[in-house]
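For reference, the chains in residue letters:
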Amino acid sequence: MDATTTKVRVDAWTWGVRLFSTRTAAATACRAGHVRVNGDRAKPATTVGIGDEVRVRLAGVERIVRVQRLLVKRVSAPLAAEAMTDLTPPPPPREEVPAVVAARDRGAGRPTKRERREIDRWRGREPIS
């Protein structure tokens, strides 16, 4: 990339820093509205510059990154990490659920309606009415 380039396409940049496995997947995510640049929905040709905030929704998780270096070509993972700053907040802690195993005697047959409701309560599920 030459020294005069100050902006690059968002689909090329997100692919270059390894947020997407293919450039086509990056462009598709942009068209679907899963990529935002500085809070605005981004089309694949939207340009990003150094200091811009890019939000990408992948598999139900939103990644927030800041552009540190402009890339047009795909680079190795260490270089990709230098090209962005990850601002994604840590995920909330998972709720600890005590492991209650509802054990039935072998050969006891199918649980009755009452037993099934008790098993559902132990597992933390709401019984179906």
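Description of the structure in this document. (Residues numbered from 1 in each chain as written. Predicted model: local features only at pLDDT ≥ 70, side-chain atom pairs only at ≥ 80, totals over all residues. Heavy atoms only, no water.)

**Things to note about the pairing of strand β6 (residues 61-67)**
With 6 bridges connecting them, strand β5 (residues 53-58) and β6 associate as antiparallel partners. The partner of Glu53 across the bridge, within β6, is Arg66. Between the antiparallel neighbours β5 and β6 lie 2 residues, among them Ala59 with a positive phi of about 50 degrees. Where β6 and strand β7 (residues 84-86) come together, 3 bridges link them in antiparallel fashion. Bridge pairing links Val65 to Asp86 in β7. (Pairing = 2+ DSSP bridges. Helix = DSSP H or I, 4+ residues; strand = E, 2+ residues; numbered from the N terminus.)

**A look at unusual backbone geometry**
Positioned with a positive phi, Arg18 is a non-glycine residue whose angle comes to about 70 degrees. Structurally, Arg18 can be placed in the loop between α1 (10-16) and α2 (23-31). Taking relative accessible area as the criterion, Arg18 reaches 41% and is therefore assigned partly exposed. One non-glycine residue, Ala59, adopts positive backbone phi at about 50 degrees. Along the chain, Ala59 turns up in the loop between β5 and β6. (Buried < 20%, exposed > 50% of the residue type's maximum accessible area, 1.4 Å probe, protein only.)

**Considerations on the pairing of β5**
Direction of pairing for strand β2 (residues 35-37) relative to β5: antiparallel, over a ladder of 3 bridges. Bridging from a neighbouring strand, Val37 pairs with Val54 of β5.

**Brief notes about α2**
Buried within α2 we find Ala26, Ala27, Ala29 and Cys30. The buried residues of α2 occupy an angular sector of 160 degrees when the element is viewed end-on, so they sit on one face. Opposite the buried face of α2, by more than 90 degrees, sit the exposed residues Thr24 and Arg31. Looking at the buried residues of α2, the elements they touch are α1 and β2. Gly33 occupies a position one or two residues after α2 and carries a positive phi of about 85 degrees. (Arc of directions from axis to C-beta. Contact = heavy atoms within 4.5 Å.)

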